[in-house]
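Descriptive structure summary
Chain by chain, the residues run as shown.
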Number of protein chains: 2
Amino acid sequence: MTLPSAAAAADGGVRSVTRAFDLLRAFDAEHKVRSLRELVEFTGLPKSTVVRLLSTLSNPGIITSPSESTYSIGPAFLRWVKLAEAMWEVGAEARQVMTALRDECGETVNIYIRQDLHRICVAQVEGTTTVRSVVRVGEPYPMTGGAAARVLLGGCPDTVLDALSEQDARVDAKDLRTGAASTREAGFAITHGDRELGASAVAAPITAADGRLLAALSMSGPTSRFTADRVTQYVDAVTKAARQISAVGLGTVEAFL
Amino acid sequence: MTLPSAAAAADGGVRSVTRAFDLLRAFDAEHKVRSLRELVEFTGLPKSTVVRLLSTLSNPGIITSPSESTYSIGPAFLRWVKLAEAMWEVGAEARQVMTALRDECGETVNIYIRQDLHRICVAQVEGTTTVRSVVRVGEPYPMTGGAAARVLLGGCPDTVLDALSEQDARVDAKDLRTGAASTREAGFAITHGDRELGASAVAAPITAADGRLLAALSMSGPTSRFTADRVTQYVDAVTKAARQISAVGLGTVEAFL
């Protein structure tokens, strides 16, 4: 379902759609309201382009303007809120396992699924410490970095691995294959500063009854706390929790994986 | 914030963004999954355009493809779910008043706010009967039809009334002004088959402490049940409920109105 980037670049319409969603990503719980200036900075787009996008999105209520040249996401999003929750929210039993894992280890716990050439966090239980891994639910993250990515690669068909290496020249399809195979064999992945310097993570596969990979359970935090002895304990805790979630199931979201 | 339609039509990028959101509107609780054919029918766009939009939206997880040539909204929407709820969901006290009104009269109760040149339902308590008014939360509806629209027009600056008449040749700005003034004076609006044949509604204004119009409380159903005697009772019930909601407030949403 991915467009060759050349075709995408050639297509102004496609570019505008991508830009519109880039603009919408500027809004989150910490940034409910954004100024025009902030949106220009955030998107790196010309002011005229941002203004045009805001105009286009405001008429159907996707974007709203609470005051002169300040903007927020509009009530039209309510159109998809219940639907997105009903489809993508992880079930209560799986959440309980995530919370228990967070309580045991204190670090942020996430469940990631692969979407096309990205991974997206669909469930999160935040860590208890001040310095903790912060990941946005619903935000696309690369498939080429982080423990969760390695676990998800283990369930990718070769076509996806090839597409990933085509997308990023630094990524070799053969390396991805061997990496995916070894992660599959090990049953977990550990990374230190893989996606981001100073960030470590332990991840394990969540599987369907038929053994198919559905998602990755990941626990992440500062490398300073992911010491050799702790990591051994973390691997046990994460793999155990992943097995428990595989047993109770992810909920309705499984129908779309 | 509205683009002159000429400029909009001239701008392929803007058109693509509008089309992308038109496509996303095909998905709701009753249509979690859509086939490519259904999406082509729903949007009235060429198949090639729909395929291109789906491709563009699938990479960041806005659209997902659960199986060959079937599509759903993707987990990237989770990015905005909590935010949209936190911003736009009507408070519990106001909801209680809506439910009490529905229980008293049996018809569907909605709260509408104006967004640019549309009205959008931000809260709904469905009627108890089989034949009932069905309105989609978050869906833009016209400002030029229905009792809720008339109430909202009562709070519109003349600039908006002018823009509405510019947008629709059949709408005269002067008529809108007089209509708005009379609705303001009456304190409620009653319509029969105004927006849709056989559909009736009674609406009343929800105001802020300073008297500013915030929203319209509307109760709607089949004209056959909105008989003269009933409507008198409905007007009392709706205006009373609207005053109660004005007193308890709409919740966080007020900050964006």
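Quick caveat, the model's predicted, so the values are computed rather than measured. (Residues numbered from 1 in each chain as written. Chains lettered and ligands numbered in written order. Predicted model: local features only at pLDDT ≥ 70, side-chain atom pairs only at ≥ 80, totals over all residues. Heavy atoms only, no water.)

Concerning the packing of aromatic side chains
Worth spelling out the cut-off: For this analysis, a ring pair means two rings from Phe, Tyr or Trp (six-membered ring only for Trp) whose centres lie within 6.5 Å, classed as stacked if their planes differ by under 30 degrees, edge-to-face if by over 60, and tilted for the remaining angles. Think of it in three bands: residues with accessible area under 20% of the maximum for their type are buried, residues over 50% are exposed, and the middle band is partly exposed, with areas taken using a 1.4 Å probe on protein chains only. Criterion for a charge above a ring: Arg CZ or Lys NZ at most 6 Å from the ring centre, at most 35 degrees from the ring normal.
On inspection of all chains with the given rule, the structure shows twelve aromatic pairs over all chains. Ring centres 5.0 Å apart and planes at 75° place the aromatic pair F226(A) and Y234(A) in the edge-to-face group. Note on Y234(A): relative accessible area 3%, which makes it buried. Chaining the aromatic ring pairs together yields one cluster made of F21(A), F77(A), W80(A), F21(B), F77(B) and W80(B). The cationic tip of R119(A) hangs over the ring face of Y112(A); the distance from NZ or CZ to the ring centre is 4.6 Å.

Side note on the pairing of strand β8 (residues 199-207) of chain B
Residues and elements named next belong to chain B. Our working rule: Pairing between two strands requires that DSSP report at least two bridges joining them. Numbering of helices and strands runs from the N terminus, with a helix taken as a DSSP run of H or I at least four residues long and a strand as a DSSP run of E at least two residues long.
Pairing of strand β7 (residues 189-192) with β8 involves four bridges; the strand directions are antiparallel. Bridge assignment links A189 to a residue of β8, and that residue is A203. As paired elements, β8 and strand β9 (residues 213-222) share nine bridges and run antiparallel to each other. Residue pairing for β9: A204 is matched across the bridge by L217. In textbook terms, the turn of a hairpin is the stretch between consecutive antiparallel strands, and for β8 and β9 this stretch comprises five residues, one of which, G211, has a positive phi near 90°.

Remarks on the relation of the copies chain A and chain B
In summary, the two copies of the chain are related to each other by a rotation about an axis coupled with a shift along it. The following threshold applies: Only residues with pLDDT of at least 70 in both copies contribute their C-alpha atoms to the least-squares superposition of the copies. Note on definitions: a residue-residue contact is assigned when non-hydrogen atoms from the two residues lie within 4.5 Å.
Overlaying chain A with chain B gives an RMSD of 0.0 Å, the required rotation being 180° about an axis along which the chain moves by 0.0 Å. Within this description, the copies of the chain are treated as partners about a two-fold rotation axis. A shared binding surface is used by both copies, with 100% of the interface residues of chain A retained as interface residues in chain B.

Some points on the packing of helix α6 (residues 92-105) of chain B against helix α10 (residues 228-248) of chain B
All names here are of chain B. Inclusion rule: Between the N-to-C directions of two axes lies an angle of 0 to 180 degrees, each axis being a line fitted to C-alpha atoms and, for a helix, fitted only over the stretch in contact. Here the angle decides the label: under 35 degrees means roughly parallel, over 145 means roughly antiparallel, 65 to 115 means roughly perpendicular, and every other value means oblique. As a working rule, the residues Ala, Val, Leu, Ile, Met, Phe, Trp, Tyr, Cys and Pro are called nonpolar, Asp, Glu, Lys and Arg charged, and the rest polar, with Gly in that last group.
Axis separation between α6 and α10 bottoms out at 9 Å; the angle between their running directions is 170°. Classified by the interaxial angle, the pair formed by α6 and α10 is roughly antiparallel. The residues of α10 that touch α6, namely those facing E93, A94, V97, M98, L101, E104 and C105, are Q233, Y234, A237, V238, A241, Q244, I245 and V248. A breakdown of the residues in the contact of α6 with α10 according to their chemical character gives eleven nonpolar, two polar and two charged.

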